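Listed here are the chains, written in short residue letters.
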Amino acid sequence: MQLLLINGPNLNLLGRRETDIYGTTNLESIEEELRGKAIKENVDLDCFQSNSESEIVERIHDSFKKVDGILINAGAYTHTSIAIRDALLGVSIPYVELHLSNTYAREDFRHQSYLSDKAIGLVSGFGIMSYQLAMQGLLNHIRTSN
């Protein structure tokens, strides 16, 4: 089984950026831990981060018929990108939206997601554990759907 993890803008700054909200763990450590869990589940996990909306859209397009599921923390693009939403819908790959922080406990503009209504699930507010919970939910969905 093949999964793709997509991290959007500014997530490359994790561990340095607003540590009171996002914690002190950097993205590389999150990805490494998640890859370890994926190996135990007999899953290949490809990790991708970009600050560019177009690169994220292209990566989603490139995953068509190559990936069984997508984990996506689109960062700020969650609240602004119809292009990412359309790309996810266009490839028809099940995906889970995830966030480190509880977006509904933050600024009003973060309460709107262009992704969540079509996601198979949403995990938000559990810090780095959000990644693990999202992957477990996605794997369960894929395994029980086949």
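Every value quoted in this text rests on a predicted model; they were computed, and no experiment measured them.

*Asks:* What is the right way to look at the pattern of salt bridges in this model?
*Replies:* Any two side chains of opposite charge can pair if their charged atoms end up close together. Applying the stated rule across the entire model yields three salt bridges. Taking the shortest distance from any N to any O, the salt bridge between Arg85 and Asp117 comes out at 2.5 Å. Taken as a pair, Arg85 in helix 4 (residues 82-91) and Asp117 in the loop between strand 4 (95-99) and strand 5 (121-124) lie far apart in primary sequence, 32 residues in all.

*Asks:* Looking at this structure, I do not really get the environment of Lys65. What am I missing?
*Replies:* If you trace the backbone, Lys65 turns up in the loop between helix 3 (53-62) and strand 3 (69-73). A relative accessible area of 74% places Lys65 in the exposed class. Residues Lys65 and Ser92, spaced 27 residues apart in sequence, show a C-alpha to C-alpha distance of 9.3 Å.

*Asks:* When you look at the sheet that holds strand 2 (residues 44-49) in this model, what are you seeing that I'm missing?
*Replies:* Strands pair in a sheet through their backbones, by hydrogen bonds, and they do so in one of two ways: parallel or antiparallel. Reading across the sheet, the five strands line up as 2-1-3-4-5 and stay open at both edges, with parallel pairing between neighbours. Each edge of the open sheet carries a strand with a single partner, namely strand 2 and strand 5. Between one strand axis and the next, the sheet turns through 20° on average, direction left out of account. Bridging between strand 1 (residues 2-7) and strand 3 involves five bridges; their strand directions are parallel.

*Asks:* Even after reading the chapter, I still don't get the environment of Gly23, so can you show me in this structure?
*Replies:* Considering the arrangement of structural elements, one finds Gly23 in the loop between helix 1 (19-22) and helix 2 (27-40). In the structure, Gly23 is positioned ten residues away from Leu13 in sequence and 11 Å away in space, judged by C-alpha atoms. Sequence-distant contacts of Gly23, defined by excluding residues within four places in its chain, comprise Gly15 and Glu18.

*Asks:* I would appreciate a short explanation of the packing of helix 3 against helix 4 in the present structure.
*Replies:* The axes of two packed helices give the description: the angle between them and the distance between them. Here helix 3 crosses helix 4 at 5°, and the two axes come no closer than 9 Å. Looking at the two axes, helix 3 sits roughly parallel to helix 4. Only Ala83, Ile84, Ala87, Leu88 and Val91 of helix 4 make contact with helix 3, whose side of the interface consists of Glu53, Ile56, Val57, Ile60 and His61. Across the contact of helix 3 with helix 4, the residue classes tally to eight nonpolar, one polar and one charged.

*Asks:* I keep staring at unusual backbone geometry and nothing clicks. Help me out?
*Replies:* Leave glycine aside and you will find that most residues have negative phi; peptide bonds, for their part, are mostly trans. Phi is positive for Asn42, close to 60°, though the residue is something other than glycine. Within the secondary structure, Asn42 is located in the loop between helix 2 and strand 2. By relative accessible area, Asn42 is classed as exposed at 67%.

*Asks:* Would you mind showing me how to read the side chain of Ser81 here?
*Replies:* With respect to the secondary-structure elements, Ser81 resides in the loop between strand 3 and helix 4. Residue Ser81 is classed as buried on the basis of its relative accessible area, which comes to 0%. Within polar-contact distance, the side chain of Ser81 engages the backbone nitrogen of Ala83 at 3.4 Å. In terms of polar contacts, Ser81 uses its side chain to reach the backbone amide nitrogen of Ile84, at 2.9 Å. Those residues in contact with Ser81 that lie beyond four places of it in its chain are Glu53 and Tyr114.

Cut-off values and rules
Residues numbered from 1 in each chain as written. Predicted model: local features only at pLDDT ≥ 70, side-chain atom pairs only at ≥ 80, totals over all residues. Heavy atoms only, no water. Salt bridge = Lys/Arg side-chain N within 4 Å of Asp/Glu carboxyl O. Helix = DSSP H or I, 4+ residues; strand = E, 2+ residues; numbered from the N terminus. Buried < 20%, exposed > 50% of the residue type's maximum accessible area, 1.4 Å probe, protein only. Pairing = 2+ DSSP bridges. Axes fitted to C-alpha atoms, helices over the stretch in contact; angles between N-to-C directions. Contact = heavy atoms within 4.5 Å. Parallel < 35°, antiparallel > 145°, perpendicular 65-115°, else oblique. Nonpolar A, V, L, I, M, F, W, Y, C, P; charged D, E, K, R; others polar. Polar contact = N/O pair within 3.5 Å; in protein donor to acceptor, adjacent residues only side chain to side chain.

Remember, this is a structural readout, not a statement about activity or role.
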